[in-house]
Amino acid sequence: MPYRAEYIWIDGTEPTPLMRSKTRIVADGTEPEIWGFDGSSTNQAPGENSDCVLRPVFTCPDPLRGENDVLVLCEVELTDFTPHPTNTRAANVAAAEKYADQSPMFGIEQEYTFIQDGRPLGWPAVGYPAPQGPYYCGVGGGKMVGREIVEKHTDACLKAGLAIEGTNAEVMMGQWEFQIGVLPAPLIGDHIWVARWLLARIAEDYDVEVSFDAKPVKGDWNGAGAHTNFSTAATMESYDAIVTACEALGKKAAEHVAAYGSGIEDRLTGAHETASYREFSWGASDRSASIRIPWAVEKAKKGWLEDRRPNANVDPYVVSRLLITTCCAALAGE
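For the structure given in this document, a descriptive report is provided here. Here the structure is a predicted model, which means the values were calculated and not measured.

1. Quick notes on the pattern of salt bridges
Scanning the entire structure with this criterion turns up 13 salt bridges. In this structure, the salt-bridge partner of Arg20 is Asp11, at a minimum N-O distance of 2.9 Å. Looking at Asp11, the relative accessible area reads 1%, which means it is buried. Asp307 is the salt-bridge partner of Arg309, the closest N and O atoms lying 2.9 Å from each other. Classification of Asp307 by relative accessible area gives buried; the value is 0%. What you see here is one network of salt bridges that share partners, running through Glu75, Arg89 and Asp190.

2. Let's talk about the packing of aromatic side chains
For the structure on display, the rule yields eight aromatic pairs. Relative to Trp35, the ring of Tyr7 lies with its centre 4.9 Å away and its plane at 65°, an arrangement referred to as edge-to-face. Of this pair, Tyr7 sits in strand 1 (residues 3–10) while Trp35 sits in strand 3 (residues 35–38), and the two are 28 residues apart along the sequence. On the accessibility criterion, Tyr7 (0% relative accessible area) is buried.

3. Let's talk about unusual backbone geometry
Look at the link from Gly181 to Val182: it is a cis peptide, with omega at -5°. Relative to the assigned elements, Val182 resides in strand 9 (residues 175–183). Residue Pro186 is bonded to the preceding Ala185 through a cis peptide linkage, with omega at 5°. Tracing the backbone shows Pro186 in the loop between strand 9 and helix 3 (187–204). Despite not being glycine, Phe81 shows a phi value in the positive range, around 70°. As for its position among the elements, Phe81 is in the loop between strand 5 (70–77) and helix 1 (89–98). Despite not being glycine, His272 has its phi angle at roughly 55°, a positive value.

Rules and cut-offs
Numbering of residues begins from 1 in every chain and follows the order in which that chain's sequence is written. Confidence filtering applies because this is a predicted model: local features only for residues at pLDDT of at least 70, side-chain atom pairs given and counted only at 80 or more, and all residues used for totals across whole chains, interfaces and linings. Excluded from the side-chain calculation are hydrogens and water; included are all heavy atoms of the structure. Salt bridges, as used here, are contacts in which a Lys or Arg side-chain nitrogen is within 4 Å of a carboxyl oxygen on Asp or Glu. Three exposure classes are used, based on accessible area relative to the maximum for each residue type with a 1.4 Å probe and protein chains only: buried under 20%, partly exposed in between, and exposed over 50%. Here is the rule: rings of Phe, Tyr and Trp (six-membered ring for Trp) pair when centre to centre is within 6.5 Å. Planes less than 30 degrees apart are stacked, more than 60 are edge-to-face, and the remainder are tilted. Secondary structure counts use DSSP, requiring at least four H or I residues in a row for a helix and at least two E residues in a row for a strand, with both numbered from the N terminus.

This is the structure we're talking about:
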């Protein structure tokens, strides 16, 4: 019996790309093949030369449809089968292959905000909810809005075989987080993008939008990040390797911040558990630092680091590539 394959890709919208998808009916006994789309409708091609190519790179069960249906994440290519300019995965793969001997690994803490009727879910039509305080990892009553969507999303990620590690409510009302890891590149990006797509698709059924904006509400409210945990074979054995990685990140701080998502100046203000985007710092158990060394790592003198600067809207292929090229190059003495 034929099955459905949902082809998912990342478009060329600026400053923050959108996810796109369409369904293909695939004959029983065959695998999803290269397909195409109209790039002039996704900010990826002009109308007079609009064809773009979808190349399947990651496939998993579709938890929202039939038992034989699949989700198919694709790289976008030009019609000569070279990477499209908006294709950030190809460079990620190259970096991962170059430094594969160092075993770089990632875990990403993906924050997001539910939006309904133009404001965070659960917020009053006029004014604001109670101040931040009871929402983070909270329970009970009307203050923990969106939990049903979160639970369905978690179930979907598990059924799809994604490496989801947990979920929690975040500091602002209507804001939540899921964690994906521990995975190498490019798999960390593949899993994050598919998990994002599933979240947006499930929220549709509740007439709710998912925002990955870095600062969805101005003022005294927390922004939304994608804290990225990073390790290598060396850091898992030596604290000196962690220090080397942190020092290398400090030397390329501006390059990283510039690529860590739109609206980063609004989020990395030095308040609300962030370091200023204008400065670089690192320290143990310090959530106001650019790079946090978890207390368990400090105690064990080996492990991983947490880059707290990436926005919720960061491209996971970009952040993992930059951490590889900056840290692994330094650890290799380049």
